[in-house]
Structure formats: structure tokens, C-alpha cells
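Per-entry structural report
Spelled out, the chains give:
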Amino acid sequence: MKKIFTIIISVIILITLVAQEKLNIFTNTGNEMIYPVSSIDSITFNSENTINIHKTDRSLLQYAISEIDSITFSEGPDTVFITYSGNSATVVNSLAGVGVEITKSDAHVVVNSTLTDNEVVYHVMGNSTNGSLKIYSEYKFNLSLAGVTLTNTTGPAINIQSGKKAEINIVTGTSNSLIDGSTYSTSTEDQKATLFSEGQLVFKGNGSLIVKSNSKHAICSDDYIQINNGNITVSGAEKDGIHANDYFSMTGGTLYIAASGDGIDCEAGYVSISGGSITIMSTTADVKGIASESSMTISGGLITMTISGNQSKGFKSKQAMSLTGGIINVTTSGGVVLKVSGSGYDPSYCTAFKSDTDIQISGAEITVISTGIAGKGLSANGNITIESGKVQVTTSGNGATYTNTSGVKDTYNSTCITVDGNLNILGGTVITSSSGSGSKGLSVDGVTIIGDGVQDPTVNITTTGARILVSGSGNNANYAESKAVKGDGAITINNGNITISSADDGIKSNTSVTINKGDISITKAVEGIEAPLITVNDGNIRISCSDDAFNATKGNGGESNDGSYLYLKGGYIVLNTTAGDGLDSNGNIVMSGGTVLVHGPQSQPEVPIDYNGTFNISGGLLVASGVNSNMTQSTSTTSGQYTVKATTSSTITANTIFRIQDASGNDIATFKPARNYSAVIISSPNLKTGTTYYIYTGGTYTGTVKDGLCTDGTYSGGTQKKSFTLSSKATTVSF
């Protein structure tokens, strides 16, 4: 009697409370029954010691008071409990009769909710090796995974046939697993994945979820997928690891994907990643790590990707790719695939980053290691712009010859950065290294701009690969060489710190190279800088090469003037060439300012200065050393500034001082050539007509010696070799 009285008083008190939404009945055996208060008309007791719950739909629920432990009311969302156990499932449905109907067939549970204003929580736990959960809902809901291991041998483990948002709460501290069947039973409904939804999927919570698909995608939504938290592992998928339609977004959590298809694929919309950690392992040919049919934005997080399939892509977007933050590491080992096209083949490459339009980098830290044949680092059909952040690309795959779509023998090769449009390196750090045969550092079809005049980008380009014979032999051989910077369009360096070591050309443009400022060091190359038009306005430029340091040419060869130009208007330039010309133009050279020091070759027929047209100098300091050859040239007599070409029949040992001074002992130029020499060309604003000058060799210098040029010091101990008087703008002296 005391227990009956206590329960009656509790119910009376609780009914009087405001804003209570659920009635909770706890039994002595630990079961809980939950009913919405809105569904209860009244509660009565009878003489048989039972409590009677009269519902608004006129149904009656009866419980023996002796079986009841307690009765409480509570607020919050409505919760349905689904517990799997082997081949069966237990359901506690607090919304039965008021909009949520649940049917079961062994461990296969089907939820049908017609509620339009209640965000129901489906709390799922337990284990079944032959079970599933299908949900129909007319309103958004929450699916709480609280320690469930569910395998459906004939279809999806969880199939959400609702176009409304489903929040997937991976309950903190729980481990969950979902597996589908290797074949699916025939259905008129979509069942595209182990975890499938017609509507939006939003993941949260700090628990772990492992999903495996033996037949289709692992996780799929015909709307969008958003991961805010959770530790999600796709241990395997016959198709995509994660497949979304409208968009894929990740702000937090941990995601690991191993899939036979794409890692993450957005079928129609965009990809946005601002946080969390993503690891993708892909071994299949012609797939993508992360793919978007629209744009792709990565602004944070840690992404690690390993791609080993031929012609597969790490990141692939059909529209602009924006990499504004985060740490991204991509390793690729897949090779090239030749697709039959036209009169030959069209190569398709394994590429770390590929956009059908533009790639913009402003803050991301990117590392790419590519080992596959003709592997690519960054590739865009449009433009690539690097404003800040760090891009480091290493390729080691070899190139080879093939027949292109026009039926012409061609080559494919590894390239660190490939741009069909324009390349703009305005800030940040770019480091590339290519060791495969025929490989390239930067290859640009359009315009290349380095530096915005404000920031100082750091650019370090290295190529070491051997050249590839394309056709011919001997002097008629055509090779594909490993060039550091190759552009079909104009190349402009506004500022920055650029270091280049190349197996072939350092910088080559089919249009022009313009240097406005910056520190440029080409430490190794065959030809340093080559273009039909080369202009140096300012900058600190150092070139060490085995052939021509500056080569202005239209590529026609021969000794006639081809109309190319090399303009030297300012800056500090040091050219060191072992077996080529320092200043070479198949057309003309014009110098109006700056300092140019040439440590030329020590063997014929190469010379420090070589041009087919004219070399007019009107300002600046020019000092060039090399061999005494009938091909050794001075500047043109039409110049505005005087030049002396001094030659000797003897060879003077490297680092032996060569000096010209006037009758008062004033220094015109004092120079220590880096190699043996027998000819020196000097042009200076201090040279005057009608003045007597003296040539000295040997001796010592106590001042500053920089790049062979001696300044701000005292010269002594040399041997006077010749005195002469300037008689023309280009005077030749033998000593």
C-alpha cells in the first residue's frame, strides 16, 4: 500500500510540472518505457494494483505496480532505442502510435516516421551479423551510434530513405562497425552504400566508426555529407569511400579511407575541407583521392594521401582549386597511360593535384613526392597562382618517347608544375626537384610571373635527369632535355630569391625573359637564360653554366642576325661559363647600365661575347675575360661608351690580376678572371678618348674582391704590359 501511495503522489506532482515532454516508466528488470506527454490523455489506478495510461488515441496501456521501480518526466528530443542481438533486435519506441512505427523481421528493422515537427533520436547499439536498419522519415532526425556492429549480407547496413537531414552521432567512447553484402537484393529504392542516405548526412561525436563495403560505396548521400567530428574509417570499398552529390564538407574529426574507387567523390557539387585529419590510400588505376565536379577549397586540416594507380589523381576538380591552408602530403607512384587518339596516343598522367581550370595557393603547406613514370606534381588546364604558403614537389619518374595524336614522335616526362595557362608565383616558397629523364621543373604554356614587387617569393628549382633522344643523330639529333623553367610565353621576374640547378637550360622562354629585380642564382645549367628577347632592368644575377650564360636567339642558328635582342639596363650580373659564351645573341646586344662580369671559357671556339648583329653599349661597367680568338668580339663602334679589347698570344693563369689604370694611377678596372685567359674586354664610363691608359697583370690587391672585381683597395706589385691611347669607341690592344 505504501508503494502505491508513493507512486500516486509522484505522478500527481510530476503532472503539475511545466514543459515536461516525456513520461518515463522504469521497471524492476531495468527496462524503460518512454511516452510523449502529448500522447497521454489521463493516468488512473484500479483495485487490481495496476496503473492505467489512457492515450489520446483511446488506447490503454496497463502496468502492474509491483513491476514498476519508478516514474519520471523529462524534457528533450524523443528517443527510440534499437538494440541488436544476434538474429534479433529489441526496440523501445516512445513514439509508437503517434507517428513513429517500427517493424522487424529478425534483426532487420524498418522505421517509418510521419512526424513533421519532432527531431527523433534513434539510439542504436548491439551486434548482428545479419541485420539492417532502414529509416523513412518526413522530418530531420538524429541517428546515435552507441556501440553497434551491424552486417547486412544482402544490402546496406543502414539505408536512410529520407530526403531530410540525418545527424549521425558517433557516441563518445563507443566503437561502431557497418558492413554490407557482396551482392544486394533487388530493390526499386536506391541502396548505393553500406551507409546510404537520400538526404543530408552530418557526422558528429567523438566515437569511432568503421565502414566497409563489399559491393558499392562505403558512405553515400544523394545530398551533401558534412563531417564535423568523429573517428571514421573506411576499411575498404568496392567503389568510392565517401560519395556525395551536392557537396562534401569537413571541419573536424579523423577520416581514414582505403577504397577501390575514389577516396572522396562529390558527384555534382563542391568539396570544402577546413579542419580535421584525412588519410587516403588508393591502389586502383584511374581513380581520385578527392574529386569534385565543381570547385575545391582546402583551408585547414591535415591531409595525407598515397596514390599508386596508373593515371590516378590525388586531388581533382573540374573548377577552381583553392588551397588556402592546411598541411597536405601526397605520394604518387602511378605511371602514365597512353590512350588511342587521332593518329597516335594521348598520355594520361598520375598527378598529385589536377584542376580543369585554375589552382590558387595562399597559405597551404604542400609536399608532393612522385616516383611513377612521367608523374606530375601540380597541373592546371588554366592558371596556377601561388601567393603564400609552401609548395615542395619531387619527381623521379623517367620519361620516354611515343607517337602523339598528330602522328609525330613526341615525349612524355615528369614535371613538377605544369600549367596550360599562366603561372604566377607572387609569394611563398616553391621548391621542386626532378631527376627523371627529360623531366621539367616548371613547364608553362602561357605567361610566367615570379614576384609581385612587394613580397619576396623563394623559388628553388633542380633538374638532374638525362636527355631523351627523340629523333635523328649526331648534329641533327633532336632531344627532350631536363629544363628547370620552360615557358612558351613571356617569363617575368619582378623580385624574389630564385635558385636554379639544371641538367639543361636554367630558364627558357619561346617569347621573352624580363628581370626587373630579385636575387637569381643559376648554379648549374647548360644554357643559363635563353629567349628571343632578354631584358635585365635590375637584380642580382649569377649564372654558372657549361654553354651560353645569356643566349638571345629565335632558334634559327647560323651567323646571320635573326632579330633577337639582349638588353642589359641595370643590375649586378656575374656570368661564369666553362665551355660557352657569356653574352650570346644571334641578333643584337644593348647595354645601358648595371655591372656585368663575365668569366668566359678558356678554350676556343667559345668566347666571352658573341653576337651576330650589333652590341651597342652606352652605360654601365662591362668586364669579360676569355680566350684570344678570331671570334672574340668587342662592342660595336656605334656605341655611346668606350670599350677596350686587350688580347695576348700567351695564356695567363686563372686568378691572375688584369688591371687598366690611367696615367695618375686611377683604377679603371681591376679583375681576377676565374679561369685561364688571353683576352679581356672592358667598357666603363671612366674611359675617355685621347687619354693614355696602362695595362698591368699580376700583383696583389688589398681591397674588396667580389666575383673577381677588385674595388676600394690598393693595387701593387704588378707588371706593366702596355700603354695605349683610346682612338675609337672600340679599341683593340695587344700586349
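These numbers come from a predicted model, not from an experiment. (Residues numbered from 1 in each chain as written. Predicted model: local features only at pLDDT ≥ 70, side-chain atom pairs only at ≥ 80, totals over all residues. Heavy atoms only, no water.)

1. Overview of the overall build of the protein
On a plain count of helices and strands, the protein comes out with one helix and 77 strands. A principal-axis box enclosing the C-alpha atoms of the protein has dimensions of 135 × 55 × 35 Å. Within the protein, the proportion of its 735 residues that are buried is 55%. Residue pairs in contact within the protein that sit at least 24 positions apart in sequence constitute 61% of those at least 6 positions apart. Taken as two groups, the 43 positive and 59 negative side-chain charges of the protein have centres that lie 7 Å from each other. (Helix = DSSP H or I, 4+ residues; strand = E, 2+ residues; numbered from the N terminus. Buried < 20%, exposed > 50% of the residue type's maximum accessible area, 1.4 Å probe, protein only. Contact = heavy atoms within 4.5 Å. Lys, Arg positive; Asp, Glu negative; His and termini not counted. Charge placed at Lys NZ, Arg CZ, Asp CG, Glu CD.)

2. Here's the deal with the layout of surface pockets
Where empty space is left can be seen by rolling a probe of water-molecule size over the atoms. Within this model, the largest pocket holds a volume of roughly 680 Å³. Along the walls of the largest pocket sit 32 residues, with Glu527, Glu530, Asp548, Asn551 and Thr553 positioned nearest its centre. Elements that contribute at least two residues to the lining of the largest pocket include exactly strand S52 (507-509), strand S55 (529-531) and strand S61 (583-585). Of the residues assigned to the lining of the largest pocket, the class counts are five nonpolar, 11 polar and 16 charged. In this structure, the second largest pocket occupies an estimated 570 Å³ of space. In this structure, the second largest pocket is lined by 32 residues; those nearest its centre are Lys376, Thr415, Thr418, Ser443 and Asp445. For the lining of the second largest pocket, the class distribution of residues is seven nonpolar, 12 polar and 13 charged. (1 Å grid on protein atoms, 1.4 Å probe; cavity = no way out; pocket = protein on both sides within 12 Å on 5 of 7 lines; lining within 4 Å. Points joined across faces, edges and corners; volume = space filled by probe spheres on them. Nonpolar A, V, L, I, M, F, W, Y, C, P; charged D, E, K, R; others polar.)

3. Details of the pairing of strand S62 (residues 588-591)
Examined bridge by bridge, strand S59 (residues 565-568) and S62 share four bridges and lie parallel to one another. Pairing of tyrosine 565 across the sheet is with asparagine 588, part of S62. Note that S62 and strand S65 (residues 615-617) share three bridges and pair parallel. Looking at the pairing, valine 590 lines up with asparagine 616 of S65. (Pairing = 2+ DSSP bridges.)

4. Topic: the packing of aromatic side chains
Counted according to the given criterion, the structure contains 10 aromatic pairs. The interplanar angle of 10 degrees and the centroid separation of 5.2 Å between the aromatic rings of tyrosine 565 and tyrosine 567 together place this pair among those described as stacked. For tyrosine 565, a relative accessible area of 30% corresponds to the partly exposed category. Overall, the relative accessible area of 24% leaves tyrosine 567 in the partly exposed class. With centroids separated by 5.9 Å and ring planes inclined at 90 degrees, the aromatic side chains of tyrosine 611 and phenylalanine 615 adopt a geometry described as edge-to-face. Phenylalanine 615 carries the same exposure label as tyrosine 611, and that label is buried. (Phe/Tyr/Trp six-rings, centres within 6.5 Å; stacked < 30°, edge-to-face > 60°.)

5. A word on the pairing of strand S7 (residues 79-85)
In this sheet, strand S11 (residues 121-128) lies alongside S7 in parallel orientation, the contact comprising seven bridges. Bridging across to S11, phenylalanine 81 finds its partner in histidine 123. Where S7 and strand S8 (residues 88-93) come together, six bridges link them in antiparallel fashion. Paired with serine 85 across the bridge in S8 is serine 88. Between S7 and S8, which follow one another and run antiparallel, lie two residues, and glycine 86 among them has a positive phi close to 60 degrees.

6. What about the side chain of serine 629?
Relative to the elements of secondary structure, serine 629 occurs in the loop between strand S66 (621-626) and strand S67 (643-652). Since its relative accessible area comes to 9%, serine 629 is described here as buried. If we skip the residues at most four places from it in the chain, serine 629 touches Gln604 and Val607.

7. Things to note about the environment of glycine 717
You can see glycine 717 is positioned in the loop between strand S75 (715-716) and strand S76 (719-725). For glycine 717, a relative accessible area of 71% translates into the label exposed. With 19 residues separating them in the primary sequence, glycine 717 and glycine 698 have C-alpha atoms 7.2 Å apart.

8. Remarks on the pattern of salt bridges
Tallied over the entire structure, the rule returns 13 salt bridges. Note that lysine 134 and glutamate 189 form a salt bridge whose closest N and O atoms lie 3.0 Å from each other. Taken as a pair, lysine 134 in strand S12 (residues 131-137) and glutamate 189 in the loop between strand S16 (175-179) and strand S17 (193-197) lie far apart in primary sequence, 55 residues in all. A salt bridge links aspartate 667 to arginine 659, with the shortest nitrogen-to-oxygen separation between them at 3.4 Å. A single network of salt bridges, built from pairs that share partners, joins Glu481, Lys483, Asp504 and Asp505. (Salt bridge = Lys/Arg side-chain N within 4 Å of Asp/Glu carboxyl O.)

9. Thoughts on the nonpolar core
Counting residues in each nonpolar core, the largest one holds 126 residues, and the members touching the most others are Phe203, Phe315, Phe353, Phe550 and Leu583. Aside from chain neighbours lying at most four places away, what touches phenylalanine 353 is Phe315, Met321, Leu323, Ile328, Val330, Ile359, Ile366, Val368, Gly377, Leu378 and Ser379. In this structure, Val574, Leu597, Val623 and Tyr693 belong to the second largest nonpolar core, which totals 24 residues. (Core = buried A, V, L, I, M, F, W, Y, C linked by side-chain atoms within 4.5 Å.)

10. Comments concerning a nonpolar patch on the surface
A surface patch of nonpolar side chains, amounting to about 290 Å² of accessible area, comprises Leu338, Val340 and Tyr345. For leucine 338, the position within the fold is in strand S33 (residues 337-341). Judged by relative accessible area, leucine 338 falls into the partly exposed class, the value being 35%. (Patch = residues over 30% accessible without salt bridge, like charges linked within 9 Å, V, L, I, M, F, W, Y side chains within 5 Å. Areas by Shrake-Rupley, 256 points an atom, 1.4 Å probe, with all protein chains shown as cover.)

11. Quick look at unusual backbone geometry
That bond from glutamine 604 to proline 605 is cis: its omega, 5 degrees, falls within 30 degrees of zero. You will see that aspartate 286, though not glycine, has its phi angle at about 55 degrees, which is positive. Within the fold, aspartate 286 resides in the loop between strand S28 (277-282) and strand S29 (288-292). Positioned with a positive phi, aspartate 707 is a non-glycine residue whose angle comes to about 55 degrees. Relative to the assigned elements, aspartate 707 resides in the loop between strand S73 (704-706) and strand S74 (709-711). Residue classification places aspartate 707 among the partly exposed residues on the basis of a relative accessible area of 21%.

12. Structural notes on the side chain of serine 379
Among the secondary structure elements, serine 379 is positioned in strand S37 (residues 376-380). A polar side-chain atom of serine 379 sits 3.4 Å from a polar atom in the side chain of lysine 354. (Polar contact = N/O pair within 3.5 Å; in protein donor to acceptor, adjacent residues only side chain to side chain.)

13. Things to note about the sheet that holds strand S5 (residues 60-64)
The pairing of strands in a sheet comes from backbone hydrogen bonds and takes either a parallel or an antiparallel form. Taken together, three strands build an open sheet; the order of strands is S3-S4-S5 and the sheet is antiparallel. Of all strands in the sheet, those with a lone pairing partner are strand S3 (40-45) and S5, marking the two edges. For this sheet, the mean angle separating the axes of adjacent strands, direction not counted, is 20 degrees. Judged from the five bridges that link them, S3 and strand S4 (residues 50-55) form a sheet pairing that is antiparallel. Counted as the bridge partner of isoleucine 40 is lysine 55 from S4. (Axes fitted to C-alpha atoms, helices over the stretch in contact; angles between N-to-C directions.)

14. Description of the confidence of the model for the protein
Scored by pLDDT, the protein comes out at a mean of 93, with 94% of its residues at no less than 70. Confidence drops under pLDDT 50 across residues 1-19; counting only partners more than four residues distant or on other chains, this segment forms 19 contacts. (pLDDT = per-residue confidence, 0-100.)

15. Here's the deal with the environment of serine 208
Inspection of the secondary structure assignment puts serine 208 in strand S19 (residues 208-213). Separated by 97 residues in the primary sequence, serine 208 and valine 111 place their C-alpha atoms 24 Å from one another. With residues near it in sequence (within four places) discarded, serine 208 still touches Ile170, Thr174, Ser175, Asn176 and Asn231.

16. Details of the environment of tyrosine 642
Along the chain, the position of tyrosine 642 falls in the loop between S66 and S67. Sequence separation between tyrosine 642 and isoleucine 682 is 40 residues, and the spatial gap between their C-alpha atoms is 8.7 Å. With near-sequence residues (within four places) excluded, tyrosine 642 lies in contact with Ile682, Ser683, Ser684, Leu687, Thr689, Leu726, Ser728 and Lys729.

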